[in-house]
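# Structural overview for review
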Amino acid sequence: MFSSTHSSFVFFSQFKGLTGRGSVLLKRAISTFFHLNARIKQTESEIVQMFSPPDSNSETSTLSLRRIHPKTNNLSIRTLDERFIRILKIFKWGPDAEKALEVLMLKVDHRLVREVLKVDVEISVKIQFFKWASNRKNFEHDATTYMALIYCLNEVGRYGEMWKMIQEMVKGKCLIGPLELSEIVTILGNAKMVNKALSVFYQIKSRKCKPTSRNYNSLILMLMQEGHYKNIYELYNDMTNEGNCFPDTVTYSALIYSFGKLGHDESAIRLLDEMKENGLHPNSRIYNTLLGIFFKMGNVERALGLVEEMKLKGCASNVYTYTELIKGLGKIGRTEEAYGIFLSMLKDGCRPDIVVINSLINIFCKSGRLDNVLKIFEEMCSYKCTPTAITYNMIIKALFESNAPPSEAYSWFEKMKANKVPPSSFTYSILIDGFCKRNRVEKALLLLEEMDEKGFPPCSFAYCSLIDTLGKAKRYEAASELFQEYKENCGDASSRVYSVMIKHFGKCGKFNEALDLFNEMKRVGLSPDVYTYNALLSAMVRVNMIEEAQSLLQTMEESGCKSNIHSHNIILNGLAKTGGPKRAMEMFTKMKTMKLKLDSVSYNIVLGCLSRNGMLEEAAKLMKEMGSNGFEYDLITYSSILEAVGKINEGERTTSF
């Protein structure tokens, strides 16, 4: 019904303009009311008459109709639909559009609802129309109309309303089939509403329909894509208990991949055997996943055997297969074999992608084979592979690590920019770290400034390198200023940067500043890690706070931060210097009973303590024990023994005198 004659007047005046070129018939029907613009009050019947087809007895009207539609004497549904769509686009959903729907005699059924929801109008118009249709007599939405609106809501990101509509659909009377179930799960998964997808799956399962294997696979794949690997096995058990749902290759592929991600390697391998027993054939994705698992387990022969099995089963190796082989062999140092696989790949006509190329370059970089790196880089063009920032980063890093001139590493940075490959934050971090290690701190600071100018956020790794280098150069004031700059500019501070600054405050005797920084870390929500604790322990030992350091070590363990051998060596060193050989030996003996692997530093600390106190016999015994445990004597070891011998000779000379 029209609530306002004035709005109706405006509505039909605008509609006249819309249809002036579109329909001769409609133009004639409106023009017969030449006095329309002079009238304000109209009756509803007159408005309806405006949109009614002309009298079929009118010769003129009939002729007009025939000129438009020579094959029919009735207005086509398509023409009526177009008219209604125009009204809907201009006047949205409301009394005007509702009246037009009635006048145009469009039957409200599921097809009409679906068609209207396809119209390019605001989502609010679609929702209003959907709700209006819900209240029509003899009409109920079915799964197709619900899904049509759900698609629309998903498209515009109205996830809250979409979820309400899904719930209304599930709790209502309409039937939901396996197809709709899969679609709902996929939509919710894409919207990152994983828990809701699981919830609605079980709701539909209990009320509406029995899930099929495809439904389970949709949910399993959604969980896999979102990283919810733990839920997958539960779902798999549920699937097998259904009785009519049997896992297929898709199911096993997702399960094996998920178990690999969770580190359940043996379970993943058992699934391979299970699927074979069920008469299913592994595909290349399953083989590739298991290749990665076998290499991770260190079972190289089993991995290579899997490749042979692939060949026997007629499952062709693809670029992902070669990637896993090259990466796996490279990680265990079998560089030549990894390169051989790459050459076989080329021979077999499989074109490498950038992932394969970068993997091979990484292997050569780590083994110091820069000639091979440059050769592969030059060949990239022939493989139609464009170097990425990752490619350049690996080469720059390898050059710094091989002690090549810094200018050579920097030339690759220049080449990178010349080839229009945008440097990443990591590129700058590698350069800054490389220049810091060569004591080119001014150049590193310039790169940090350039990094800031390029709009990169503050990088913890870069600041760590610079602060540590300045600290080692005893430029503590500059290190402190840079640390303050880092805190001001970085929204998410890193515990590692704090640890470096605490370490250098400790080294320059500023224990209170180190302790304040440690407490500040906890206030800003950062959890101290083993490096932080070790830095503070060192600071305490430097100012002879041995008892406090031992207490902190205990606090560290109680807070869930696992200490390492370095943590205990710091305390051992403090006891050796201030507590004498007895206390040092007590702690050393205690360390042997702990789940700690003693290192040469542990032995050298105690040897030094014994030597300083002239205990040559005890030092010799400990040195023998050190050798039997596989530790090589170093300069510190020999210096300790020589010091002990010197102490004895000095004592003998004093007695003789």
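Note that this is a predicted model, so its numbers are computed, not measured. Along each chain, the written sequence defines residue order, and numbers are assigned to residues from 1. The predicted origin of the model limits local features to residues at a pLDDT of at least 70 and limits the giving and counting of side-chain atom pairs to 80 or more, whereas totals for whole chains, interfaces and linings rest on all residues. Values shown for side chains rest on all heavy atoms present in the structure; no hydrogens or waters enter the calculation.

Of regular secondary structure, the protein chain possesses 37 helices and zero strands. By residue count, 46% of the 657 residues in the protein chain fall in the buried class. Contacts spanning at least 24 positions in sequence make up 60% of the contacts within the protein chain whose residues lie at least 6 apart. Using a 1.4 Å probe, the Shrake-Rupley method yields the accessible areas, and only the shown protein chains count as cover for residues. For the protein chain, the computed accessible surface area is about 34900 Å², with 52% contributed by carbon and sulfur atoms. To qualify as a helix, a DSSP run of H or I must reach at least 4 residues; to qualify as a strand, a run of E must reach at least 2; elements of each kind are numbered from the N terminus. The rule is simple: take the accessible area with a 1.4 Å probe, protein chains only, and divide by the maximum for that residue type; under 20% is buried, over 50% is exposed, in between is partly exposed. Residues are treated as being in contact if the distance between any of their heavy atoms lies within 4.5 Å.

A few words now on the environment of proline 528. Among the structural elements, proline 528 can be located in the loop between helix H30 (511-523) and helix H31 (530-542). Sequence separation between proline 528 and serine 559 is 31 residues; the distance between their C-alpha atoms is 9.7 Å. Once residues lying within four places of it in the same chain are set aside, the contact partners of proline 528 are Phe518, Met521, Lys522, Tyr533 and Cys561.

On to the pattern of salt bridges, then. Within this document, salt bridges are pairs made up of a side-chain nitrogen of Lys or Arg and a carboxyl oxygen of Asp or Glu, the two lying within 4 Å of each other. Inspection of the entire model under this criterion finds 19 salt bridges. Linking arginine 475 and glutamate 442 is a salt bridge whose minimum nitrogen-to-oxygen distance equals 3.4 Å. Here the residue arginine 475 occupies a position in the loop between helix H27 (460-472) and helix H28 (476-489), and glutamate 442 occupies one in helix H26 (residues 441-453), the gap between them amounting to 33 residues. One salt bridge in this structure joins glutamate 625 and lysine 592, with 2.9 Å as the shortest N-O distance. One end of the pair, glutamate 625, is in helix H36 (residues 616-628); the other, lysine 592, is in helix H34 (residues 580-593), with 33 residues separating them in the sequence. When salt bridges with common partners are traced through the structure, they connect Asp468, Lys472 and Lys503 into a single cluster.

Within the protein chain, residue pLDDT values average 81, and 82% of them lie at 70 or more. A score between 0 and 100, pLDDT records how confident the predictor is in each residue. Here residues 1-80 scores under 50 on pLDDT; set against residues more than four positions off or in separate chains, the count is 78 contacts. Within the model, pLDDT remains below 50 along residues 648-657, and this stretch shows two contacts once partners closer than five positions in the same chain are excluded.

What follows deals with the layout of surface pockets. Quantified by volume, the largest pocket comes out at close to 670 Å³. Every residue lining the largest pocket is counted, 23 residues in all, and those nearest its centre are Lys503, Asn534, Ser538, His566 and Ile570. Elements that contribute at least two residues to the lining of the largest pocket include exactly helix H29 (495-507), H31, helix H33 (565-578) and helix H35 (600-612). By residue number, the principal contributor to the lining of the largest pocket is H31, which donates seven residues. Residues of the lining of the largest pocket, tallied by class, amount to nine nonpolar, eight polar and six charged. Here a cavity denotes grid points, spaced 1 Å and computed from the protein atoms alone, that fit a 1.4 Å probe unable to get out, and a pocket denotes an open set having protein on both sides within 12 Å along at least 5 of 7 lines; residues with an atom within 4 Å of a point are the lining. Grid points are joined across faces, edges and corners, and a volume is the space filled by probe spheres set on the points. Under this grouping Gly is polar, as are all residues other than the nonpolar Ala, Val, Leu, Ile, Met, Phe, Trp, Tyr, Cys and Pro and the charged Asp, Glu, Lys and Arg.

What follows deals with the packing of aromatic side chains. In this analysis, rings of Phe, Tyr and Trp, with Trp reduced to its six-membered ring, are considered paired at centre separations within 6.5 Å, and the interplanar angle assigns stacked below 30 degrees, edge-to-face beyond 60, and tilted for intermediate values. In this structure the tally under the stated criterion is 22 aromatic pairs. Consider the rings of tyrosine 428 and phenylalanine 456, whose centres lie 5.6 Å apart with planes at 55 degrees: the pair is tilted. Taken together, the residues tyrosine 428 in helix H25 (residues 425-437) and phenylalanine 456 in the loop between H26 and H27 connect sequence positions 28 residues apart. Centre to centre, the rings of tyrosine 603 and phenylalanine 631 are 5.4 Å apart; their planes meet at 50 degrees, and the pair counts as tilted. Placement of tyrosine 603 in helix H35 and of phenylalanine 631 in the loop between H36 and helix H37 (635-656) is noted, with a sequence separation of 28 residues between them. Given a relative accessible area of 1%, tyrosine 603 falls into the buried group. Taken together, Phe400, Tyr410, Phe413, Tyr428, Phe435 and Phe456 form an aromatic cluster joined through their ring pairs. Whether a charge lies above a ring is judged from NZ of Lys or CZ of Arg, which has to be within 6 Å of the ring centre and within 35 degrees of the ring normal. One residue, lysine 415, lies across the ring of tryptophan 412, its end atom 3.8 Å from the ring centre. Across the ring face of tyrosine 410, the terminal group of lysine 443 is positioned such that the distance to the ring centre comes to 4.2 Å.

Now for the nonpolar core. In globular proteins that are soluble, nonpolar side chains generally tend to be buried together. What we call a nonpolar core is a set of buried Ala, Val, Leu, Ile, Met, Phe, Trp, Tyr and Cys residues that are connected through their side-chain atoms within 4.5 Å. The biggest cluster of nonpolar side chains holds 192 residues, and the ones touching the most others in it are Leu290 and Phe342. When near neighbours in sequence (up to four residues on either side) are disregarded, leucine 290 contacts Ile256, Ala268, Ile269, Leu272 and Leu306.

What follows is about the state of the cysteines. In what follows, a disulfide is any cysteine sulfur pair within 2.5 Å. Scanning all chains against the criterion turns up zero disulfides. Among the cysteines around cysteine 464, which has no disulfide bond, cysteine 459 carries the closest sulfur, lying 8.8 Å off. Among the residues examined, cysteine 464 registers a relative accessible area of 12% and is labelled buried.

By secondary structure assignment, the location of serine 182 is in helix H11 (residues 178-190). When residues no more than four places from it in sequence are discounted, the contact partners of serine 182 are Arg214, Asn215 and Ser218.

Moving on to H26. For a helix, the expected span equals 1.5 Å multiplied by the number of residues minus one. Its 13 residues place the ends of H26 18 Å apart at the C-alpha level, agreeing with the 18 Å of an ideal helix rising 1.5 Å per residue. Those residues of H26 that fall on the buried side of the exposure criterion are Val441, Ala444, Leu447, Leu448, Glu450 and Met451. Packed against the buried residues of H26 are helix H24 (406-418), H25, H27 and H28. Just past H26, the residue glycine 455 takes up positive phi, approximately 90 degrees.

This brings us to the environment of valine 319. Among the secondary structure elements, valine 319 is positioned in helix H19 (residues 319-331). Separated by 37 residues in sequence, valine 319 and valine 356 place their C-alpha atoms 7.8 Å apart. Discounting residues that sit within four places of it in the chain, valine 319 has contacts with Met345, Cys350, Arg351, Asp353 and Val356.

Take the environment of glutamate 548 next. Note on placement: glutamate 548 falls in helix H32 (residues 546-558). Separated by 11 residues in the primary sequence, glutamate 548 and leucine 537 have C-alpha atoms spaced 8.7 Å apart.

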